[in-house]
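What follows is each chain in one-letter form.
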Amino acid sequence: MSEVLVVVDHVDGAIRKPTLELLALAKRLGEPAAVFFGGSDKAGEVAEKLKAFGAEKIYVVDDAEIKGYLVAPKAEALQQLVEKASPAAVLFVSGYEGKEVAARLAIKIESGLITDAVDVEEGPVTTQSVFAGNYTVKAKVTKGTPIITVKPNSTAPVEEAGAGVVEEFAATISDGAKTAQIVAQQPRKASGRPELTEAAIVVSGGRGTGGNFEPIEGLADALGAAVGASRAAVDSGWMPHTFQVGQTGKTVSPQLYVANGISGAIQHRAGMQTSKTIVAVNKDDEAPIFELVDFGVVGDLHSVLPAATEKINERKS
């Protein structure tokens, strides 16, 4: 059975949930083999986690030559690994870096690339939501090794142990791949909430908040959710662009999406309509968002959300 490479998305050795989802998808296609870019001091702990979720093999690529540079060195290292392992497919988490590395890898090995898949089946055949979410299409790479990026929350991780064989892979990085270097970083202030694109629950606010996001944040904290915002809220300066959900912001696909004071314009719908369950709170009973939802509440979010937050917190205590 051919290997299916899963590029590990992690922060300093802490594996993000979408990687575990990719391992579950990889099992449908072949033998899951994770690719970890990091230091050898983190490899053991990372390998145990990946093994628990089905990784049959873990390729450890020492990032000493890669750390501090942008995406080109990773693409070059993966090219060498693909040429060695001849995998059935290579899976990435759909994100800024994942899609950039995937595109560079596809060019290097002259293979087809599919981005933002929401499902992957044997073949591999992918499912994508296209044209602002109005259509669902099936696609398949017809040339070379399929390179696929998958949106977070597309499937559930499966805790099923694999062999977890660790193999160090030494890549040779050219000087040409090191031309773009990171010289400074500005760390974000930690909010304690999950990353927007990875969260299982997202609570968003729009123009109807009037700029007061306290009810949004209160409900999000009660649910352990991420906070999102519509373009109108961002354009008004109420929230930073990094919180924007929509066609010109981030695309999310959580298990639960709660839209508050958001009209439901197509620009916003394009970024969240693949959510598994959608709930809306809006004073306007004719708001377009109600055409999309599973559950709707006609009311003032400044009254509805605090009441809901209070009940949730009561049940938790």
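Each remark here, short or long, concerns the structure printed above.
Here is what the cut-offs are and how they apply
- Residues numbered from 1 in each chain as written.
- Predicted model: local features only at pLDDT ≥ 70, side-chain atom pairs only at ≥ 80, totals over all residues.
- Heavy atoms only, no water.
- Helix = DSSP H or I, 4+ residues; strand = E, 2+ residues; numbered from the N terminus.
- Rg over C-alpha atoms; globule rule 2.2 N^0.38 Å.
- Buried < 20%, exposed > 50% of the residue type's maximum accessible area, 1.4 Å probe, protein only.
- Areas by Shrake-Rupley, 256 points an atom, 1.4 Å probe, with all protein chains shown as cover.
- Lys, Arg positive; Asp, Glu negative; His and termini not counted.
- Charge placed at Lys NZ, Arg CZ, Asp CG, Glu CD.
- Pairing = 2+ DSSP bridges.
- Axes fitted to C-alpha atoms, helices over the stretch in contact; angles between N-to-C directions.
- Contact = heavy atoms within 4.5 Å.

### Concerning the overall build of the protein chain
Part 1 of the reasoning: When you go through the protein chain residue by residue, the secondary structure sums to 8 helices and 16 strands.
Part 2 of the reasoning: For 317 residues, the compact-globule estimate of 2.2 N^0.38 gives 20 Å, and the protein chain sits close to it at 21 Å.
Part 3 of the reasoning: Seen along its three principal axes, the alpha-carbon backbone of the protein chain occupies a region of about 60 × 40 × 40 Å.
Part 4 of the reasoning: The 317 residues of the protein chain split such that 49% are buried.
Part 5 of the reasoning: For the protein chain, the accessible area works out to roughly 15200 Å², and carbon and sulfur atoms hold 49% of it.
Part 6 of the reasoning: Charge separation in the protein chain, taken as the distance between the mean sites of 31 positive and 40 negative side-chain charges, equals 2 Å.

### Observations concerning the sheet that holds strand S15 (residues 277-282)
Sheet strands pair by backbone hydrogen bonding; their relative direction is either parallel or antiparallel.
Part 1 of the reasoning: Strands sit in the order S13-S12-S14-S15-S16 across an open sheet of 5 strands; the sheet is parallel. Looking along the sheet, the strands with just one partner apiece sit at the ends: strand S13 (226-229) and strand S16 (295-298). For this sheet the average axis-to-axis angle between neighbouring strands, irrespective of direction, equals 15°.
Part 2 of the reasoning: Contacts from helix H5 (residues 214-223) reach strand S12 (201-205), S13 and strand S14 (256-260) within the one sheet, and its direction differs from that of S12 by about 175°.
Part 3 of the reasoning: Here helix H8 (residues 301-316) sits on the sheet and contacts S14, S15 and S16; the angle it forms with S15, its principal contact strand, is near 130°.

### Let's talk about the pairing of strand S6 (residues 89-93)
Part 1 of the reasoning: Among the 5 residues that make up S6, 5 are buried, leaving the element largely enclosed by the rest of the structure.
Part 2 of the reasoning: Burial of S6 is two-sided: the residues Ala-89, Leu-91 and Val-93 facing one way and the residues Val-90 and Phe-92 facing the other way are all buried.
Part 3 of the reasoning: Here S6 pairs with strand S10 (residues 147-150) via 4 bridges, running parallel. Bridge pairing in S10 links Phe-92 to Thr-149.

### What about the sheet that holds strand S11 (residues 165-168)?
Part 1 of the reasoning: With mixed pairing, 9 strands are arranged side by side in an open sheet as S9-S8-S7-S10-S6-S1-S4-S5-S11. Of all strands in the sheet, those with a lone pairing partner are strand S9 (135-139) and S11, marking the two edges. Going across the sheet, the axis of each strand differs from the next one's by a mean of 35°, ignoring polarity.
Part 2 of the reasoning: The pairing of strand S1 (residues 3-7) with strand S4 (residues 31-38) spans 5 bridges and is classified as parallel. The partner of Val-6 across the bridge, within S4, is Ala-34.
Part 3 of the reasoning: Docked against the sheet, helix H2 (residues 40-52) engages S4, strand S5 (57-62) and S11, running at close to 155° with respect to S4.
Part 4 of the reasoning: Relative to S6, helix H4 (residues 96-108) is tilted by about 155°, and along the sheet it contacts S6, strand S7 (113-121) and S10.

### A closer look at the pairing of strand S8 (residues 125-130)
Part 1 of the reasoning: Two elements, S7 and S8, share 4 bridges in a ladder whose sense is antiparallel. Bridge assignment links Ala-117 to a residue of S8, and that residue is Gln-128.
Part 2 of the reasoning: In textbook terms, the turn of a hairpin is the stretch between consecutive antiparallel strands, and for S7 and S8 this stretch comprises 3 residues, one of which, Gly-123, has a positive phi near 150°.

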